[in-house]
Amino acid sequence: MSDSLIHLEIVTPGRIVFTGEVKSFTAPGIEGMFQILRSHAPFISTIIPGSVKFTSQGDETRNFVTSGGTVEVHNNHITMLAESIIPVEDIDIAQAEKEKTEAERVLESKEPGLDKDAAKHMLLTAKAKIKAVSA
Amino acid sequence: MATLREIRDRIGSIKNTEKITKAMKMIASVKFRKAQQNVVAARPYARKISDILRNLIPTIESFDNELLKQREIKKLCVVVVAADRGLCGSFNTNLLKAATTLIHEKYGSFLNSHDLTVFPIGKKAYDYFSKRNYDLYARSINIFDRLTFSDVQNVVKEIIKGYTEKRFDKVVIIYNEFKSVVQSKTVEEQFLPIPPFEAAEGEKSKISNYIFEPSSVDIVTNLLPRHLNTQVWRILLESFASEQAARMTAMDSATTNANDLLNSLNLTYNRARQAKITTEILEIVGGAEALAKG
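Quick notes on the rules
Sequence order as written defines the numbering, with residues in each chain counted from 1. Throughout, the order in which chains and ligands are written sets their labels, letters from A for the former and numbers from 1 for the latter. Since the coordinates come from a predicted model, pLDDT governs what is reported: local features require at least 70, and pairs of side-chain atoms require 80 or more to be given and counted, while whole-chain, interface and lining totals use all residues. Strands are runs of DSSP state E lasting at least 2 residues, helices are runs of H or I lasting at least 4, and numbering of each runs from the N terminus. Here a residue counts as buried when 20 or more other C-beta atoms sit within 10 Å of its C-beta, as exposed when there are 12 or fewer, and as partly exposed otherwise, the C-beta atoms being derived from the backbone. Two residues form a contact once the distance between their C-beta atoms, set from the backbone, is within 7 Å. Between N-to-C directions, angles span 0 to 180 degrees; the directions come from axes that are lines fitted to C-alpha atoms, helices contributing only their stretch in contact. Each angle receives one of four descriptions, namely roughly parallel if under 35 degrees, roughly antiparallel if over 145, roughly perpendicular if within 65 to 115, and oblique otherwise. Two helices crossing with the near one rotated counterclockwise from the far one by less than a right angle form a left-handed crossing, whereas a clockwise rotation gives a right-handed crossing. Three residue categories are used. Nonpolar comprises Ala, Val, Leu, Ile, Met, Phe, Trp, Tyr, Cys and Pro, charged comprises Asp, Glu, Lys and Arg, and polar comprises the others, including Gly. Pairs of strands are assigned from DSSP output, requiring at least two bridges between the strands.

Undergrad: Please explain the overall build of chain A as it appears in this structure.
TA: What chain A contains, in helices and strands, is two helices and nine strands. Going from the N terminus to the C terminus, chain A shows its helices and strands as β-β-β-β-β-β-β-β-β-α-α. Here the C-alpha coordinates of chain A stretch approximately 55 × 25 × 25 Å along the principal axes. Across the 135 residues that make up chain A, the buried fraction comes to 33%. Residue pairs at least 24 apart in sequence account for 49% of intrachain contacts in chain A once pairs closer than 6 positions are excluded.

Undergrad: Hey, could you run me through the packing of helix H1 (residues 4–56) of chain B against helix H7 (residues 216–293) of chain B in this one?
TA: Geometrically, a packed helix pair is captured by the angle between its two axes and the distance between the axes. All names here are of chain B. The interhelical angle for the contact between H1 and H7, taken along N-to-C directions, is 160°, at an axis separation of 5 Å. By the angle between their axes, H1 is roughly antiparallel relative to H7. Where H1 crosses over H7, the two elements pack in a sense that is left-handed. The residue inventory of the contact of H1 with H7, partitioned by class, reads 33 nonpolar, 14 polar and 14 charged.

Undergrad: Please clarify how the interface of chain A and chain B should be interpreted in this entry.
TA: The partner chain B presents 20 residues to the 19 residues of chain A that form the contact. Elements represented by at least two residues in the side of chain A that touches chain B include exactly strand E2 (16–29), strand E4 (43–47), strand E7 (69–74) and strand E8 (77–82) of chain A. Per element, the largest residue contribution to the side of chain A that touches chain B is four residues, and it comes from E4(A). Among the residues making up the side of chain A that touches chain B, the classes are represented as nine nonpolar, seven polar and three charged. Where E4(A) lies against strand E5 (residues 211–213) of chain B, three bridges are found, and the strand directions are parallel. Paired with Ser45(A) across the bridge in E5(B) is Glu213(B).

Undergrad: Which parts of the structure should I look at to understand unusual backbone geometry?
TA: Most of the time, phi is negative for any residue but glycine, and the peptide bond is trans. At the junction of Leu192(B) and Pro193(B), the peptide bond is cis and its omega measures out at -10° in the coordinates. Residue placement: Pro193(B) occurs in the loop between strand E4 (183–192) and helix H6 (203–208). Geometrically, the link from Glu213(B) to Pro214(B) is a cis peptide bond, its omega value of -5° lying close to zero. The topology assignment puts Pro214(B) in the loop between E5 and H7. Even without being glycine, Asn76(A) reaches a positive phi, approximately 60°. Topologically, Asn76(A) is positioned in the loop between E7 and E8. One non-glycine residue, Asn142(B), lies in positive phi territory at about 55°. Exposure remark for Asn142(B): the 11 C-beta atoms within 10 Å place this residue in the exposed category.

Undergrad: For this particular structure, what's the right way to read the pairing of strand E5 (residues 50–56) of chain A?
TA: Remark: a regular strand shows side chains that alternate across the two faces of the sheet. All names here are of chain A. Pairing geometry for E2 and E5, over four bridges, is antiparallel. Considered in E5, the bridge of Ser24 is made with Thr55. Summarising the sheet, E5 and strand E6 (residues 61–66) pair through six bridges and their orientation is antiparallel. Counted as the bridge partner of Gly50 is Thr66 from E6. The loop that links E5 with its antiparallel partner E6 comprises four residues; one of these, Asp59, has a positive phi angle of about 60°.

Undergrad: Any chance you could explain the packing of helix H1 (residues 93–108) of chain A against helix H2 (residues 116–134) of chain A here in plain terms?
TA: Residues and elements named next belong to chain A. With their axes 8 Å apart at the nearest point, H1 and H2 run at an angle of 150° to one another. For the crossing formed where H1 meets H2, the hand is left-handed. Facing H1, whose interface residues are Ile93, Ala96, Glu97, Glu99, Lys100, Ala103, Glu104, Val106 and Leu107, H2 presents Lys116, Ala119, Lys120, Met122, Leu123, Ala126, Lys127, Lys129, Ile130 and Val133. Class assignment for the residues of the contact of H1 with H2 results in 11 nonpolar, no polar and eight charged.

Here it is, written out as structure tokens:
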């Protein structure tokens, strides 16, 4: 079986979230979802907010939600650099709803000096969280 | 000579002080250990980002990015990272002294023509520079207690904003680099424009056959601010670690001093008590003799 595995490492500024061998890895690239299997060509992509999943050796699938980052694939090594990433089971749905409302409020308000880009990013992340939990 | 009661009161108050300094030392050592772990944990992410950038940037021909490009330096921003709290020995004083020297000697010409702004991080730095009427660009205080990555993102966003709006053309950071528990070093680092990455030999061909999604230019543009985030994150963590280390040492010697003082006060107390007893006995003996004679 080992010839179908690829090494995956997920790191955030705070810690290494996961490191180990996986069968497949799926992430939301800026140009659409993609899946990485063994012997993938060298590849670098920007990741947008959305859900990330990988299937481990024992056919167990683990789901995460990320707020974006970068993925590098090289020589059967996947490195995912995420600004933040949390397992779906750890998502606080009430908190996500609150973030969504807050982001929408910022986006709709006409007050000057508000950071609309950050709000847009927050909205996307919150929506991804809500979607992942309800799926 | 002080009365017995006075000495007893002093002993009591010094015992209290000793308890406090001892507790502070223990808290500082716990925080220090945690800060040190954070410094280590932040390394893989930072290393990976600069690896990708180092490999990618040389492959892009005539890459034009504001954050990398040198421009004529007319205005300067100095970011000074100190602590939010005191009682950590000479941690703050040394850093602020070094920062002032640097501003006046190396960047004196900018200061004289009012082309220098200071961005203090940490309450002590803010108090110091605002009291001395320096031009402040922004400030970030009370962030060390619960330092999160999003605090760092806000700081970096603020700096990048000022830089792209041409409110300054160069940014340097002054902070205490962590060496060991008893030693920290004040260092100055150029933050913007980003100092050139040294290309690793032979890496160029390896990365040129990558598939990029979207283009390599977009990826680098996206990674550069995140590279800056990790830089500031590392700097703040290091500064916090050396602050806690400095507090640990300072509180340790404060506890030792309190102990020494207690010993000598106990000696004085016992001596005074003995002197009092002797006087009383002499008085009684004297009185008895006088009675016997009479």
